[in-house]
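The primary structure of each chain is shown beneath.
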Amino acid sequence: MPYKINGSECTACAACESECPNDAIYEKNGVYAIKTELCSECVGDHDEAQCVSNCPVDCIRIDKSVPRYQAV
């Protein structure tokens with residue numbers, strides 16, 4: 001399951017954007033969002049999701065509506 005950003009909680013600080021190894025995070029309407037098709041949950045790159053560990057307001061959560069990432 002890729003991560004998603006709760007737009008109503010996002011402060012648009014951009015702390016997550018530069019940390020994403022897949023360039024899956026982008027600015028949309030003044031807040032940030034995650035392209036689910038690019039999110040690998042940082043599997044194979046880091047021990048934990050970098051967007052989550054760098055978010056100062058804790059607004060990034062697993063998107064349970066999308067299947068979990070499968071490393072190939």
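Each value, and the rule that gives it
- Residues numbered from 1 in each chain as written.
- Predicted model: local features only at pLDDT ≥ 70, side-chain atom pairs only at ≥ 80, totals over all residues.
- Heavy atoms only, no water.
- Helix = DSSP H or I, 4+ residues; strand = E, 2+ residues; numbered from the N terminus.
- Rg over C-alpha atoms; globule rule 2.2 N^0.38 Å.
- Buried < 20%, exposed > 50% of the residue type's maximum accessible area, 1.4 Å probe, protein only.
- Contact = heavy atoms within 4.5 Å.
- 1 Å grid on protein atoms, 1.4 Å probe; cavity = no way out; pocket = protein on both sides within 12 Å on 5 of 7 lines; lining within 4 Å.
- Points joined across faces, edges and corners; volume = space filled by probe spheres on them.

The protein chain carries the name 4Fe-4S binding protein in an unreviewed UniProt entry, which gives Azotobacter chroococcum as its organism.

Break down the overall build of the protein chain for me, with residues and values.
Each helix and strand counted, the protein chain has 1 helix and 4 strands in total. For the protein chain, the N- to C-terminal ordering of α and β elements is β-β-β-α-β. At 11 Å, the protein chain has a C-alpha radius of gyration in line with the 11 Å of a compact globule built from 72 residues. On the principal axes, the C-alpha backbone points of the protein chain span a range of 35 × 25 × 20 Å. Buried positions account for 31% of the 72 residues belonging to the protein chain. Partitioning the intrachain contacts of the protein chain with sequence separation of at least 6 by distance along the chain shows that 62% fall at a separation of at least 24.

Describe empty space enclosed by the protein, listing the residues and the values that go with them.
Counting across every chain of the model gives 2 cavities of 30 Å³ or more. Taken as a whole, the largest cavity holds about 80 Å³ of empty space. In this structure, the largest cavity is lined by 13 residues; those nearest its centre are Cys20, Cys39, Glu41, Cys42 and Cys51. Empty space within the second largest cavity amounts to approximately 60 Å³. As for the second largest cavity, its lining consists of Cys10, Thr11, Ala12, Cys13, Ala14, Cys16, Tyr32, Cys55, Pro56, Val57, Cys59 and Ile60.

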